[in-house]
Amino acid sequence: MEPTNKYKGWLYLLPAILFLGCFMVYPLVDVFVYSMEEGYNFASQTFFDTGFYNFSYVLHDPYFLQAVKNTFLMVVITVPLSTGIALLISVALSSIKPLRNLFQTIYFLPYVTNTLAVGLVFMILFKKTAYSDGLINLLIHLFGGPSVDFIEGPYPAKMFVMCLYIIWVVMPFKILLLTSALASVNEHYYNAAKVDGTSKFRIFYKITLPMISPTLFYLVITGFIGAFKEYSDAVALFGTNLNAAEMNTIVGYVYDMLYGDSGGYPSYASAAAIILFMIVMTITCINLLISKKHVHYV
Amino acid sequence: MDYEKIKKSAALKQKIFSGVIYFFLAIWGLFVLFPFYWMILTSVKSYSAYNSEYIPKFFTLSPTMQNYIDAFTTVHLGRYLWNTLVFTVITTGLMMLVITLAAFAFARLEFPGKNLVFTLFLALMMIPNELVIITNFATITNLNLRNTFAGLILPSVTSVFYIYLLKENFAQVPDALYYAAKVDGTSDMKYLFKVMIPICKPTLVTVGILKVIECWNSYVWPRLITDDEAYYLVSNGIQEIRENGFGRENIPAMMAAVVVISLPLIVLFLLFRDKIMEGVSRGGTKG
């Protein structure tokens, strides 16, 4: 073989390395540089000084604090709820035979739909207009409640629709992973338990749950990460001006700082993105520590 | 006698139990399907009928196609769809090429520094998109690539995760095939295209479909990089339609646009259901 052949592998890697270098490695370094440059001007590409001012600006910005509050609320509400309901549904799905495929297909549909598009449907269902109170409000009337504008009304109502929509969107992935985890639990364990006359609840608690705990734990971690990066679903429901709707998220704040009417501040955007990354890292580490106690790897 | 009774009551209990389960599953199914039903229903109601219904009707007796015509004529839905199609096809095609070459290098070729690079690649999987998008935006802006397809496509043609997925699959192809091909004097490139790719076609197709879904639904990057309507993809298009399109009140036409945008992926899903679900459970990240 010729000596040039030794490096041929690099040639195959070259496109991937070029793209990753330009659009992942370099930006990763650059984001920290940006975050330290104070008073950076995008047009002239100049800055006054270096330091931590950008972080302090972001942390004192009421819009950012609002975004942090919104994001944490969404995380705290949607992650446990969606994981819990997904577990219930998956267990129910695994216990039936006829129609199971049909249900699985239906449950998976939200995964392949455009969140911006379907968000509009949620919006018209919940929105109160001059012409109509919207379907959901009519249901509330039916039960004797007062009508609420869920899209431009009080904060809890908006948060409710937001969380409902997030759950609708994230459910397919969770149900899919949990049903395949449940299907892979070895039948022998169940049969052995049945011979001993173990109750259904006890079987679930003592066999099923430990056996699927790795998947469950994986879903909790990815769920936390995904919910912290919530953005498109909020735009779908409340439009692009999320600050005015009081429904901005941390990622939304980053993009608003970068671009749009309030944009042109990549330094603030970088600082906010780094803060987000640190929050996500911390939460993931805490999750990992907790899981050591409770997850059973076979 | 008694035994029969116990058996009967146990069977009854079982029946009630499975009834409850089916009821519960059906409720969730309704919750998932209802938005789809509502968007199709609204899209075939005429504008005047929709606005005169203070209490929305759950069905319509006089469906109309007018909204679909409006969606294609009064706003640029056709252009958004075409842009998205071009973006999706080129991005997916380029990505498949880049990741196949990279995965082949990792799975089959020996070269100095291979393990080090592979470890670095894996480390990149942990980098969240939000952290790098700021500089990418600056890069594309400084290169004057805003409002071009190149600007839209370039940052999303590599995926470390798919390289990893493909490398695992390539590595399962028996070594003997490679040596046999080498004895016959086949070049590496020819081996990749004539042997490796045909064998690993199922995984390649799965990765391709997942990328198509991702491209079709991408919103954040296109929004940052395009402000010229001529380059909008469907996600930005629908946002544009919502904010400036038909006038905020023409909801039926808006819903027609939503149906048109959602339909391609739903058809794709129904055609490749098993592939998509298997692929997502191996490599999906949404949620």
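Residues numbered from 1 in each chain as written. Chains lettered and ligands numbered in written order. Predicted model: local features only at pLDDT ≥ 70, side-chain atom pairs only at ≥ 80, totals over all residues.

Would you mind showing me how to read the domain arrangement of chain B here?
Reports of interface size often rely on the accessible area that becomes lost once the parts have come together. All names here are of chain B. Domains assigned within chain B are domain 1 (2–66) and domain 2 (77–283). Taken residue by residue, the interface counts nine residues in domain 1 and eight residues in domain 2. Among the secondary structure elements, those contributing two or more residues to the side of domain 1 that touches domain 2 are helix H1 (2–43) and helix H2 (47–52). With four residues, the single largest contributor to the side of domain 1 that touches domain 2 is H1. A per-class count over the side of domain 1 that touches domain 2 returns four nonpolar, four polar and one charged. (Domains from an automatic or database assignment. Contact = placed C-beta atoms within 7 Å. Helix = DSSP H or I, 4+ residues; strand = E, 2+ residues; numbered from the N terminus. Nonpolar A, V, L, I, M, F, W, Y, C, P; charged D, E, K, R; others polar.)

Just to check I follow, could you spell out the nonpolar core for this structure?
Note that soluble globular proteins tend to have their nonpolar side chains buried in a common cluster. By size, the foremost hydrophobic cluster in this structure holds 156 residues, and its most contacted members are Leu 237, Val 254 and Ala 272 of chain A together with Ala 102, Ala 257 and Val 258 of chain B. For this core, the element with the highest residue contribution is helix H7 (residues 155–183) of chain A, accounting for 16 residues. Residues contacting Ala 257 of chain B, with those up to four places away along its chain left out, are Ala 71, Leu 77, Ile 238 and Ile 241 of chain B. (Core = buried A, V, L, I, M, F, W, Y, C linked by C-beta atoms within 7 Å. Buried ≥ 20, exposed ≤ 12 C-beta atoms within 10 Å, placed from the backbone.)

When you look at the environment of Ala 171 of chain B in this model, what are you seeing that I'm missing?
Residue and element names in this part refer to chain B. Residue position: Ala 171 is located in helix H8 (residues 160–171). Given 12 C-beta atoms within a 10 Å radius, Ala 171 is considered exposed. Counting along the chain gives 25 residues from Ala 171 to Met 196, while the straight-line C-alpha distance between them is 9.8 Å.

Would you mind going over the packing of helix H9 (residues 200–228) of chain A against helix H12 (residues 266–294) of chain A with me for this structure?
When two helices pack together, their arrangement is given by the angle between the helix axes and the distance between those axes. All names here are of chain A. Axis separation between H9 and H12 bottoms out at 10 Å; the angle between their running directions is 165°. Here H12 runs roughly antiparallel to H9, going by the angle between their axes. As for the relative orientation of H9 and H12, their crossing is right-handed in sense. Along the contact surface, H9 presents Ser 213, Phe 217, Val 220, Ile 221, Phe 224, Ile 225 and Phe 228, while H12 presents Leu 276, Ile 279, Val 280, Ile 283, Thr 284, Asn 287, Ser 291 and His 294. Broken down by class, the residue content of the contact of H9 with H12 amounts to ten nonpolar, five polar and no charged. (Axes fitted to C-alpha atoms, helices over the stretch in contact; angles between N-to-C directions. Parallel < 35°, antiparallel > 145°, perpendicular 65-115°, else oblique. Left-handed = near helix turned anticlockwise from the far one by under 90°.)

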